[in-house]
Structures are given as structure tokens and as C-alpha cells.
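Coordinate inspection notes
The chain contents come next:
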Amino acid sequence: FPSHDMKATLDGEINLYGCVVDHYGLGQEWEVIAQEHVDVLSIDDLGRSHVSKWVLDQNLNHEVSSCSSKLLGSVDVLSGPTYALLRKEFRFARQLGKVRENGIKHIVVSFGGADLDNLTGLALDALDLLSLDAIKVTVIIGVMHPNIDGVRARCSARKNTVLKIQVGEISSYYLEADFIVTGK
């Protein structure tokens, strides 16, 4: 979304409260133009430079000081899992979870819908090294996974491994698991 297109779009708008930006390809130039029309909340987990009114970084280990030198002007940083944006299904999942006392019998592997770095494949490599044939493994990926055919083949070749593609209500899979391998 080029900044000149965004400016033309916003010039005609009058009742805007705010704008949420969650896109690695949009940066300061875009934020400067948007800020002329509306307050901007930038979602960023890479610690990049921003000029928006707010920056949201949901990372567990993120420290505000690590990106504060890259923020220009008066930018409020919302940092850590307290500010995590979660779907409704996760709100009550914690209440439904239970303590596991009989070891690990079911592992879920899920690195998000796209998993551009194919961390799913890396996790499967690690599980292969552990020789966990008796443990059920559920692998969850999205339809946009860059190595969907490779993951499908890997899962088919593994014992007790099921591949799920583009699932709804992922929290139900997490609740069934004894151990979850996940990340950003």
C-alpha cells in the first residue's frame, strides 16, 4: 500500500479514530503521512524505528529500552504479553486447561499460518532425533505455508503424526496437547 495511495485515501476521510498497522513493509514514511490524519498504532516485534503514536510489541522477552532509541517523537510503547492480541477462543482456554501428571503423550507443533522460515520442519527434525514414535504428534500449518508439500510428506512418513491445515479453534488442539512447540 504505497504512501501516496494511503494519503489520497485518508484525505477524503473525516471520522477516523485511529489506524492499526501490522505490516513489515510499511515504515516511517507511511506512518508520517498517516499521522497527519489519524493516530497510528504500529504492531512490531522487530524493534524497528517508528513515528506512530503507539508501538505494540507482544514479545515475552522484549524490553522497552531495546527499541526506545529508535522511536522518534512521543511514542508510547505497549510491550510484553500483557498487551497480546488474542482471539476470543483463547480468553477462556486457560480456565479449561489441566495439569498433566502422566508424562508427554501428545505434542502439537504450530508456528503460525505462514511459517516463512519453516520452523515446523526444524521442529520435526528435532522430534526425529528424539525417537518419540509412541507419542502422538499433531502438526498445524496454514494453507500459505511455503513448504506445505514438504511438511505433508514429512508428516506422512512419521509414525503417529497427523497434519492439520488451516484449522479453526486452534486453542482446542492446544488444550488436548501435553506439550506445544510454537513460536513467532
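Residues numbered from 1 in each chain as written. Predicted model: local features only at pLDDT ≥ 70, side-chain atom pairs only at ≥ 80, totals over all residues. Heavy atoms only, no water.

**With respect to the environment of Lys53**
Applicable threshold: Strands are runs of DSSP state E lasting at least 2 residues, helices are runs of H or I lasting at least 4, and numbering of each runs from the N terminus. Any two residues whose heavy atoms approach within 4.5 Å are treated as being in contact.
Within the secondary structure layout, Lys53 lies in the loop between strand 2 (39-43) and strand 3 (54-57). Spatially, the C-alpha atom of Lys53 lies 9.8 Å from that of Gly18, the residues being 35 residues apart in sequence. Every residue in contact with Lys53, bar those within four places of it in the chain, is listed here: Gln35, Asp39, Val40, Ser74, Val75 and Asp76.

**Regarding helix 6 (residues 148-157)**
Rule in force here: A 1.4 Å probe rolled over the protein chains alone gives each residue an accessible area, and that area as a share of the maximum for its type sets the label: buried under 20%, exposed over 50%, partly exposed in between. By definition, the arc is the one covered by directions from the helix axis to the C-beta atoms.
Every buried residue of helix 6 is listed here: Ile148, Val151 and Cys155. For helix 6, the angular spread of the buried residues around the axis is 65 degrees, confining them to a single face. Facing away from the buried side of helix 6 by more than 90 degrees, the exposed set consists of Asp149, Ser156 and Ala157.

**With respect to the side chain of Thr120**
Secondary-structure assignment places Thr120 in helix 5 (residues 119-130). A relative accessible area of 0% means that Thr120 is categorised as buried. In this structure Thr120 touches Val109, Phe111, Asp115, Val139, Ile141, His145 and Val151, once residues within four positions along its chain are discounted.

**Some details on the nonpolar core**
The line we're drawing: What we call a nonpolar core is a set of buried Ala, Val, Leu, Ile, Met, Phe, Trp, Tyr and Cys residues that are connected through their side-chain atoms within 4.5 Å.
Membership of the largest hydrophobic core comes to 13 residues, with the highest contact counts inside it found for Ile107, Val109, Leu127, Val137 and Val139. Breaking this core down by element, the ones donating at least two residues are strand 5 (106-110), helix 5, strand 6 (136-141) and helix 6. The next biggest cluster of nonpolar side chains, apart from the first, holds eight residues, and it includes Leu10, Ile33, Ala34 and Val40.

**Side note on the sheet that holds strand 6**
Note the cut-off: Think of it this way: DSSP has to see at least two bridges between two strands before they count as a pair. Fitting a line to C-alpha atoms yields each axis, with helices limited to the stretch in contact; the angle taken between N-to-C directions then spans 0 to 180 degrees.
Strands sit in the order 7-6-5-8 across an open sheet of four strands; the sheet is parallel. Two strands close off the open sheet at either side, each with one partner strand: strand 7 (161-165) and strand 8 (179-182). Within this sheet the neighbouring strands show an average axis-to-axis angle of 20 degrees, counted without direction. Across five bridges, strand 5 lies against strand 6 in parallel orientation. Paired with Ser110 across the strands is Ile140, a residue of strand 6. Sheet strands touched by helix 6: strand 6 and strand 7. Its angle to strand 7, the strand with the most contacts, is close to 155 degrees.

**Focus: the sheet that holds strand 4 (residues 76-79)**
One open sheet accounts for four strands, arranged 1-2-3-4; its pairing is parallel. Pairing within the sheet leaves two strands with one partner each, and these edge strands are strand 1 (18-21) and strand 4. Taking each pair of neighbouring strands and ignoring which way they run, the sheet shows an average axis angle of 20 degrees. Alignment of strand 2 against strand 3, held across three bridges, turns out to be parallel.

**Here we look at the pairing of strand 3**
Note that strand 3 and strand 4 share four bridges and pair parallel. Along strand 4, the bridge assignment pairs Trp54 with Asp76.

**A look at the side chain of Asp115**
Selection rule: Positive charge is attributed to Lys and Arg, negative charge to Asp and Glu, and no charge count is given to His or to the chain ends. Should a side-chain nitrogen of Lys or Arg be within 4 Å of a carboxyl oxygen of Asp or Glu, the pair is scored as a salt bridge. For the purposes of these results, a polar contact is taken to be a pair of N or O atoms within 3.5 Å, where, inside protein, one atom must be able to donate a hydrogen and its partner to accept one; residues adjacent in sequence count only when each atom of the pair is a side-chain atom.
Along the polypeptide, Asp115 turns up in the loop between strand 5 and helix 5. Although Asp115 is buried, it forms no salt bridge, and the closest oppositely charged side chain is Arg154 at an N-O distance of 10 Å. A distance of 2.6 Å separates a polar atom in the side chain of Asp115 from a polar atom in the side chain of Thr120.

**Brief notes about the packing of helix 5 against helix 6**
For clarity, the threshold we go by: Each angle is binned into one of four classes, with values under 35 degrees roughly parallel, values over 145 roughly antiparallel, values of 65 to 115 roughly perpendicular, and all other values oblique. Crossing handedness follows the turn of the near helix against the far one: under a right angle anticlockwise gives a left-handed crossing, and clockwise gives a right-handed one. Charged means Asp, Glu, Lys or Arg here, nonpolar means Ala, Val, Leu, Ile, Met, Phe, Trp, Tyr, Cys or Pro, and polar covers whatever is left, Gly included.
At a minimum axis separation of 10 Å, helix 5 and helix 6 run at an interaxial angle of 20 degrees. As judged from the angle between their axes, helix 5 and helix 6 are roughly parallel. The handedness of the crossing between helix 5 and helix 6 is left-handed. Contacts between helix 5 and helix 6 pair Thr120, Gly121, Leu124, Asp125 and Asp128 from the former with Val151, Arg154 and Cys155 from the latter. Along the lines of polarity and charge, the residues of the contact of helix 5 with helix 6 split into three nonpolar, two polar and three charged.

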